[in-house]
Structure formats: structure tokens, C-alpha cells
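# Architecture at a glance
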Amino acid sequence: MIRSLLVLCATVLTLALGGCTTTQPSAGQDDIDALAAAITDLDPRVDPAEAQRAARISYTYSQQLARDWNVTDPAIIHNAKVINGFRERGLCNDWAEAMSTRLRQENFRTLDVHWATSPPTSFRIIHHSALISAKGASMYDGVILDPWRNSGALFWAPVREDTRYNWRPRSEVREELLNGAIPY
């Protein structure tokens, strides 16, 4: 019932806001360098070259996915298009999976890639994102990499500073959803 209501609301929003499109995301070297510096600052053992590579991939892959998935609307509108079959991919879990997979392909020596989940609340649905931390560090000491939020334009911040979401390990949230500790 709740899902049907969400689909109906998303459809209405899509029709009402159909003219509200986004421009293709872009990022410059300064953006990449700022993210690389934040990743390097996570721990003195983080290799600056790895941090730079992770930052470059995070920005460029976000932009590539936005083009590949034809993301032309705000995230919630694009979600409605995916749910209603007008687009194949672009839900937050698609972004999280793609970003996590791509970053893990680099086999970083000094960095770990995590899949973070913000559990549903009475005002928000569940949200997923990739994040990066120093090797062996807690995900809470990492940097969230969220291209979904701004329709392919990468949002990043230290996890503890991203107060918009309650980031937790994906496996913990999933277990709580499955055993009913968190209603969905």
C-alpha cells in the first residue's frame, strides 16, 4: 500500500515538474583536488596518488553514469521515471552499486570502499551511497560519495558532517529491515 502511494506521488510529481530539468554535471580540477585533499587528510598513511585517483574516478564516473542513465531531472523525478519504467537505472542503490564496484576495481592499498545506507524514517525513504575511508578505518571516519543526491553532480562530505542522512553500514540496516527492527 505504501509503495503504491509512493509510486502514485512520484508519478504526479513527475508530471507536475516535468519542465524542471537539470543540466549535465561538470566538475573541474579544483573540485577533484579538494576531494583528493579530503581523502588524503583521512589518515597520514593514505597515499596521495591513490586519493587523487579515487577523487578523479568519483567525479568522472558520476558524470558518465548521469549520461549513460539519461539523468536529466532532479533525483526524485528521475526515481519516478525508473519506478514507472521510463528509465532503466538511476535509483540511489544503482549509483551506490556502480560507484562501489568501480572504485573497488582500483584495488587501493591505503583506502577502503564501503556501501552506506541511511535507514528509512517517517519523512524519508531508504538511501544508499558509496563512501571511502582510510584502509582499516571505520566508515564513520570516511567521506560520503553521493552522486544521486544532485542528479550525477557528485556530493561529498565527511560522513559525520553529512547530517542530511543517518549513514550506517548497509549490512546492519539490511538485517534490521529483514528482522523487522526497522519498519519499511
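Residues numbered from 1 in each chain as written. Predicted model: local features only at pLDDT ≥ 70, side-chain atom pairs only at ≥ 80, totals over all residues. Heavy atoms only, no water.

## Overview of the overall build of the chain
Operational definition: Helix numbers and strand numbers start at the N terminus; a helix is a DSSP run of H or I with at least 4 residues, a strand a run of E with at least 2. Residue exposure (1.4 Å probe, protein chains only): buried if accessible area is under 20% of the type maximum, exposed if over 50%, otherwise partly exposed. Should any heavy atoms of two residues lie within 4.5 Å, those residues are considered in contact. Per-residue and other accessible areas follow the Shrake-Rupley method at a 1.4 Å probe size, with only the shown protein chains counted as cover for residues.
Along its length, the chain carries six helices and five strands. In the chain, the succession of α and β elements from N to C terminus is α-α-α-α-α-β-β-β-β-β-α. Expressed as a percentage of its 184 residues, the buried residues of the chain come to 46%. Within the chain, counting contacts between residues at least 6 apart in sequence, those at least 24 apart form 56% of the total. Carbon and sulfur atoms provide 54% of the accessible area of the chain, an area that totals close to 9,800 Å².

## Section: the pattern of salt bridges
What counts is decided by this rule: We define a salt bridge as a contact between a side-chain nitrogen of Lys or Arg and a carboxyl oxygen of Asp or Glu at a distance within 4 Å.
Counted by the stated rule, this structure contains 14 salt bridges. For the salt bridge of Glu106 with Arg53, the shortest nitrogen-to-oxygen distance reads 2.7 Å. In this pair, Glu106 sits in the loop between α5 (92-104) and β1 (111-118) while Arg53 sits in helix α3 (residues 48-68), placing the two residues 53 residues apart along the sequence. On the accessibility criterion, Arg53 (25% relative accessible area) is partly exposed. The salt bridge partner of Arg168 is Glu172, with a shortest N-O separation of 3.7 Å. Arg168 sits in the buried class, given a relative accessible area of 14%.

## So, unusual backbone geometry
The residue Asn70 is not glycine, and still its phi comes out positive at about 55°. Structurally, the position occupied by Asn70 is in the loop between α3 and α4 (75-83). Not every positive phi belongs to a glycine, and Asn107 is a case in point at roughly 50°. Residue placement: Asn107 occurs in the loop between α5 and β1.

## Concerning the nonpolar core
Inclusion rule: The set of buried Ala, Val, Leu, Ile, Met, Phe, Trp, Tyr and Cys residues whose side-chain atoms join them within 4.5 Å is what this entry labels a nonpolar core.
In this structure, Leu35, Ile39 and Ile132 are the most contacted members of the largest nonpolar core, which totals 39 residues. Every element with two or more residues in this core is listed here: α2 (29-40), α3, α5, β1, β2 (127-134) and β3 (143-146). With eight residues, α3 is the largest single contributor of residues to this core. Those residues in contact with Leu35, other than ones at most four positions away along the chain, are Ala55, Ser58, Tyr59, Val143, Leu145, Leu154 and Trp156.

## Some remarks on the sheet that holds strand β4 (residues 155-158)
Applicable threshold: In short, DSSP must find at least two bridges between two strands for them to pair.
The sheet built from five strands is open, its strands ordered β4-β3-β2-β1-β5 with antiparallel pairing. If you trace the sheet from one side to the other, it starts and ends with β4 and β5 (168-169), each paired once. In this sheet, β4 lies alongside β3 in antiparallel orientation, the contact comprising four bridges. In the sheet register, Val143 faces β4, and the bridge partner there is Pro158.

## Structural notes on the environment of Ile39
Counting through the fold element by element, Ile39 comes out in helix α2. The sequence separation of Ile39 and Gln52 amounts to 13 residues, and the corresponding C-alpha distance is 8.2 Å. Excluding its chain neighbours within four sequence positions, the residues that come into contact with Ile39 are Val46, Ala51, Ala54, Ala55, Leu111 and Ile132.

## Points about the confidence of the model for the chain
Regions with low pLDDT should not have their predicted coordinates read in detail. Worth spelling out the cut-off: Residue-level confidence of the predictor is what pLDDT reports, using numbers from 0 through 100.
Confidence in the prediction of the chain, expressed as mean pLDDT, is 88, and 85% of residues score 70 or more. Counting interchain partners and residues more than four positions distant, the pLDDT-below-50 stretch residues 13-22 has 16 contacts.

## Some words on the packing of aromatic side chains
Just so we agree on the cut-off: Put simply, two rings from Phe, Tyr or Trp (the six-membered ring, in Trp's case) pair if the centres are within 6.5 Å, and we call them stacked under 30 degrees between planes, edge-to-face over 60, tilted for the rest. Charge-over-ring contacts are defined here by two conditions on Lys NZ or Arg CZ: a distance within 6 Å of the ring centre and an angle within 35 degrees of the ring normal.
Per the stated rule, a full pass over the model turns up two aromatic pairs. When the centroid spacing of 4.8 Å and the interplanar angle of 75° are considered together, the rings of Trp69 and Trp95 count as edge-to-face. Here the residue Trp69 occupies a position in the loop between α3 and α4, and Trp95 occupies one in helix α5, the gap between them amounting to 26 residues. Where Tyr165 meets Trp167, the ring centres are 5.3 Å apart and the plane angle is 45°; that geometry is what we call tilted. Judged on exposure class, the residue Tyr165 and its partner Trp167 are both buried. Lying over the aromatic face of Phe155, Arg149 brings its terminal NZ or CZ to 3.8 Å of the ring centre. Positioned over the ring face of Trp115 is Arg170, at 3.8 Å from the centre of the ring.

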